[in-house]
Amino acid sequence: MAPKAAALVLVLLAISGSRADVNPDEVAGVIWKYFTELGGNAKDTVDQLQQTQLSKQLNTLLQSNLQSVSAYAEDLQERLVPFATELQARLAQDSQRLKEQIQRELRELQAKLAPYADEVHQQIGTNIRQLQAKVSPYAEELRSQVDRGAGELKRALEPYAAELRERLQDNAESIQASLSPYADRLQQQIDGGVESVKQRLSPVADELKAQVEQSVAELRRGLSPYAQEVQDGLNRQLESLSAQMERAAEELRARLAASSEELRAQLSPLARELREAASGDAESLRQRLAPLAQQLEQRVGQTLETFRQQAAPFGETFGQQLVQRLEEMRGKLDSGAAGVEDHLELLEKEVREKVAAFLST
């Protein structure tokens, strides 16, 4: 069994002994991310889980990312290793059976769809074109909002560079006294500007996710007349497709948030450097501030331009990912061959559902 699937199911079983009022997706997402980084095969994963250092890292992960479950982190860690050792072989067998089931269903689905191959191809092709048409305006809107947000933040920060140059004309004591409040205002403007950018981008990400859900629903309706006898197999493929697309949408949201926070991290040192300059002696203050006054506007411009270039194409990249997923599904229906990722995606989906069911009790 692949490590990330085995590890996540093990954690699911381990967490079933604890109770916490947390978001199920948050629990599953954090734990999934942790174990996908372990690497190696299933045995290596179990061996790694038995290492004290990784056990401590798991506790730290839960405590820092899921405050509501922090009280159960130690119990989770204690349950994890015994479950991993006891259930390794059975989980590997379950995974293999699931993989074989998916492959069998795909072959049956291919055979049943063979008389309608042209119609199925046309239906998926139509769905691809419709999805591209729906996503394209939102991708353009995302690019526009990135440009607009970066431009507004740049304009909001420009007066600070001019103000700092003007302050250099004052006497040293006056500059030193006013520098810390100035740095605080600069940091507040940076934080407010970054939050404004995030608020601009979040609705676009929501709309893109909604378009994904609508597209899968339309594909399901379009294919249903051709697969009446193999609805279970078709539904499984559509569930796998839906899971892939939803994950891509969540990754888009995460990338946008991460880019915004990276923007904050790149701009915040400007305020910190000003505070550090204010803490020195008054005599050399002007000498320390002069380079900052000259560089402030340039550094802000460069940082915002880097953010714009990185974040603006995210929408187009997202659209390409969706098309690729649809093409891959069309290839599976043509060949009847399941990929390794098929059963892993469904294992992840089933695990998330079980986590949600447990946490709702």
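Residues numbered from 1 in each chain as written. Predicted model: local features only at pLDDT ≥ 70, side-chain atom pairs only at ≥ 80, totals over all residues. Heavy atoms only, no water.

**Here we look at the overall build of the protein**
Next up, step 1: Along the protein, the regular secondary structure elements total eleven helices and zero strands.
Next up, step 2: Reading the protein from its N end, one meets helices and strands in the order α-α-α-α-α-α-α-α-α-α-α.
Next up, step 3: By residue count, 44% of the 361 residues in the protein fall in the buried class.
Next up, step 4: Within the protein, counting contacts between residues at least 6 apart in sequence, those at least 24 apart form 86% of the total. (Helix = DSSP H or I, 4+ residues; strand = E, 2+ residues; numbered from the N terminus. Buried < 20%, exposed > 50% of the residue type's maximum accessible area, 1.4 Å probe, protein only. Contact = heavy atoms within 4.5 Å.)

**Considerations on the environment of Ser 240**
Next up, step 1: With respect to the helices, strands and loops of the structure, Ser 240 is situated in helix 8 (residues 231-278).
Next up, step 2: Its relative accessible area of 2% is what places Ser 240 among the buried residues.
Next up, step 3: It is 9.9 Å that separates the C-alpha atoms of Ser 240 and Arg 325, two residues lying 85 residues apart in sequence.

**Considering the nonpolar core**
Next up, step 1: Counting residues in each nonpolar core, the largest one holds 67 residues, and the members touching the most others are Leu 164, Leu 179, Leu 274, Leu 289 and Phe 318.
Next up, step 2: When contributions to this core are tallied by element, the ones reaching two or more residues are helix 5 (73-113), helix 6 (117-167), helix 7 (172-223), helix 8, helix 9 (285-311) and helix 10 (314-335).
Next up, step 3: With 16 residues, helix 7 is the single largest residue contributor to this core.
Next up, step 4: The contacts of Phe 318, once residues within four sequence positions are left out, are Val 135, Leu 208, Val 212, Met 245, Ala 248, Ala 249 and Leu 252. (Core = buried A, V, L, I, M, F, W, Y, C linked by side-chain atoms within 4.5 Å.)

**Quick notes on the packing of aromatic side chains**
Next up, step 1: For the coordinates displayed, the defined rule picks out two aromatic pairs.
Next up, step 2: Relative to Tyr 226, the ring of Tyr 116 has its centre 5.6 Å away and its plane inclined at 40 degrees; by these criteria the two rings are tilted. A residue pair is termed long-range when its members are at least 10 positions apart, and Tyr 116 in the loop between helix 5 and helix 6 and Tyr 226 in the loop between helix 7 and helix 8 qualify at 110 residues.
Next up, step 3: Note on Tyr 116: relative accessible area 34%, which makes it partly exposed.
Next up, step 4: Since its relative accessible area comes to 21%, Tyr 226 is described here as partly exposed.
Next up, step 5: Geometrically, the ring pair formed by Tyr 160 and Tyr 182 is tilted, given 5.9 Å between the ring centres and 55 degrees between the ring planes. Here Tyr 160, found in helix 6, pairs with Tyr 182, found in helix 7; they are 22 residues apart in sequence, far enough to count as distant. (Phe/Tyr/Trp six-rings, centres within 6.5 Å; stacked < 30°, edge-to-face > 60°.)

**A short note on the UniProt feature "coiled-coil region" (unreviewed entry) in the protein**
Next up, step 1: The UniProt entry lists residues 84-119 and 231-262 under the feature "coiled-coil region" (unreviewed entry), expressed in the numbering used here.
Next up, step 2: In residues 231-262, the share of helix is 100% and the share of strand is 0%. The end C-alpha atoms are 45 Å apart. (UniProt positions renumbered as here; feature names shortened; annotations may be inferred.)

**A look at the side chain of Gln 187**
Next up, step 1: Looking at the secondary structure, you find Gln 187 in helix 7.
Next up, step 2: What makes Gln 187 buried here is its relative accessible area of 14%.
Next up, step 3: Apart from the residues lying within four places of it in its own chain, the contact partners of Gln 187 are Ser 268, Ala 271 and Arg 275.

**Looking at the packing of helix 8 against helix 9**
Next up, step 1: In the contact formed by helix 8 and helix 9, the axes pass within 10 Å of each other and the chain directions differ by 175 degrees. The orientation of helix 8 relative to helix 9 falls into the category roughly antiparallel. The segment helix 8 lies against helix 9, with Ser 259, Ser 260, Leu 263, Gln 266, Leu 267, Leu 270, Glu 273, Leu 274, Ala 277 and Ala 278 engaging Leu 285, Arg 288, Leu 289, Leu 292, Leu 296, Arg 299, Val 300, Thr 303, Leu 304 and Phe 307.
Next up, step 2: Here the residues of the contact of helix 8 with helix 9 sort into 13 nonpolar, four polar and three charged. (Axes fitted to C-alpha atoms, helices over the stretch in contact; angles between N-to-C directions. Parallel < 35°, antiparallel > 145°, perpendicular 65-115°, else oblique. Nonpolar A, V, L, I, M, F, W, Y, C, P; charged D, E, K, R; others polar.)

**What about the confidence of the model for the protein?**
Next up, step 1: Of the residues in the protein, 66% have a pLDDT of 70 or more, and the chain-wide mean is 75.
Next up, step 2: The lowest-confidence element of the protein is helix 1 (residues 3-15), averaging 43 in pLDDT; the highest-confidence one is helix 6, averaging 91.
Next up, step 3: For the stretch residues 1-22, pLDDT sits under 50, and the model shows 69 contacts to residues farther than four places along the chain or on other chains.
Next up, step 4: The low-confidence segment residues 45-55, where pLDDT is below 50, has 23 contacts with residues more than four positions distant or belonging to other chains. (pLDDT = per-residue confidence, 0-100.)

**Side note on helix 9**
Next up, step 1: An ideal rise of 1.5 Å per residue puts 39 Å on 27 residues; helix 9 measures up with 37 Å between its terminal C-alpha atoms.
Next up, step 2: Taken as a whole, helix 9 carries its principal kink of about 40 degrees at Gln 295.
Next up, step 3: Inspection of helix 9 places Leu 285, Leu 289, Leu 292, Ala 293, Leu 296, Val 300, Gly 301, Thr 303, Leu 304, Phe 307 and Ala 311 among the buried residues, and these make up the whole buried set.
Next up, step 4: On the buried face of helix 9, the contacting elements are helix 6, helix 7, helix 8 and helix 10. (Expected span 1.5 Å × (residues − 1). Bend = angle between axes of the 7 residues up to and from the residue.)

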